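Results of the structural survey
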Amino acid sequence: MKKFLSEFKDFISRGNVVDLAIGVIIGSAFTAVVKSFTTNLVNPILGLVTGRGTDLSELKLKVTDSLVFNYGAFLNDLINFILIALVVFVMVKLINKYLIKPKKVDKGPDPQLVVLEEIRDLLSKNK
């Protein structure tokens, strides 16, 4: 049991786990903000366009009394997903552009170029 607790402590104290936990918390908060944005700003605008009020979740297709398709709720979730995906895409692009710099590896001169320079030097020496 002590070994298990020790391994668990080592696992939890790694930086990656803490970073992941922070990311999940921030992601949850961001999702709430996007959902509020969709519900309180986007839906009323779409409601004006469609003439269906301010809540898209009220949009339904009633086939029978027992068969109802709530496509408005799906539209809300789809809009939320697209907005979150867009923000994540922009964040990844910015992080890749400004924070993550590719490491330049100095391999030395190209071997073909070295051989060609040696041939050039030998030819100029023999003239």
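You'll find the structure just up there.
In this text the structure is predicted, and so the values were computed from the model without any measurement. (Residues numbered from 1 in each chain as written. Predicted model: local features only at pLDDT ≥ 70, side-chain atom pairs only at ≥ 80, totals over all residues. Heavy atoms only, no water.)

Some remarks on the overall build of the protein
The condition that has to hold: Secondary structure elements are taken from DSSP: a helix is a run of H or I of four residues or more, a strand is a run of E of two residues or more, and numbering for both begins at the N terminus. Here the globule rule reads 2.2 Å times residues to the power 0.38, and the radius of gyration is calculated from C-alpha atoms. The buried label goes to any residue with under 20% of its type's maximum accessible area, the exposed label to any with over 50%, and the partly exposed label to all in between, with areas taken from a 1.4 Å probe on protein chains only. Residues are treated as being in contact if the distance between any of their heavy atoms lies within 4.5 Å. Surface exposure here means Shrake-Rupley accessible area, sampled with a 1.4 Å probe, where a residue is shielded only by the protein chains that are shown.
Looking only at helices and strands, one finds 4 helices and 2 strands in the protein. Walking the protein from its N terminus toward its C terminus, one meets helices and strands in the order α-α-β-β-α-α. Rg of the C-alpha trace for the protein: 30 Å, well past the compact-globule value of 14 Å for 127 residues, more than 25% over. Its C-alpha atoms give the protein principal-axis dimensions of about 95 × 55 × 30 Å. Per-residue burial for the protein yields a buried fraction of 9% across its 127 residues. Pairs at least 24 apart in sequence give 29% of the contacts found in the protein among residues at least 6 apart. As displayed, the protein offers around 11200 Å² of accessible surface, 68% of which is attributable to carbon and sulfur atoms.

Side note on the environment of Gly51
The residue Gly51 is located in the loop between helix H2 (15-50) and strand S1 (61-62) in this model. Sequence separation between Gly51 and Val18 is 33 residues, and the spatial gap between their C-alpha atoms is 47 Å.

So, the pattern of salt bridges
Our working definition: Note on definitions: salt bridges are taken to be side-chain nitrogens of Lys or Arg within 4 Å of carboxyl oxygens of Asp or Glu.
Taken as a whole, this structure holds 2 salt bridges when the rule is applied. A salt bridge links Asp65 to Lys62, with the shortest nitrogen-to-oxygen separation between them at 3.3 Å. Look at Lys62 and you get exposed, because its relative accessible area is 57%. Two residues, Asp121 and Arg120, come together in a salt bridge whose shortest N-O distance is 3.2 Å. The class for Asp121 is partly exposed, based on a relative accessible area of 41%.

Overview of helix H3 (residues 71-98)
For clarity, the threshold we go by: How far a helix is expected to stretch is found by multiplying one less than its residue total by 1.5 Å.
For H3, with 28 residues, the first-to-last C-alpha span of 40 Å sits near the 40 Å given by 1.5 Å per residue. Among the residues of H3, Gly72, Asn76, Ile79 and Asn80 are the ones counted as buried.

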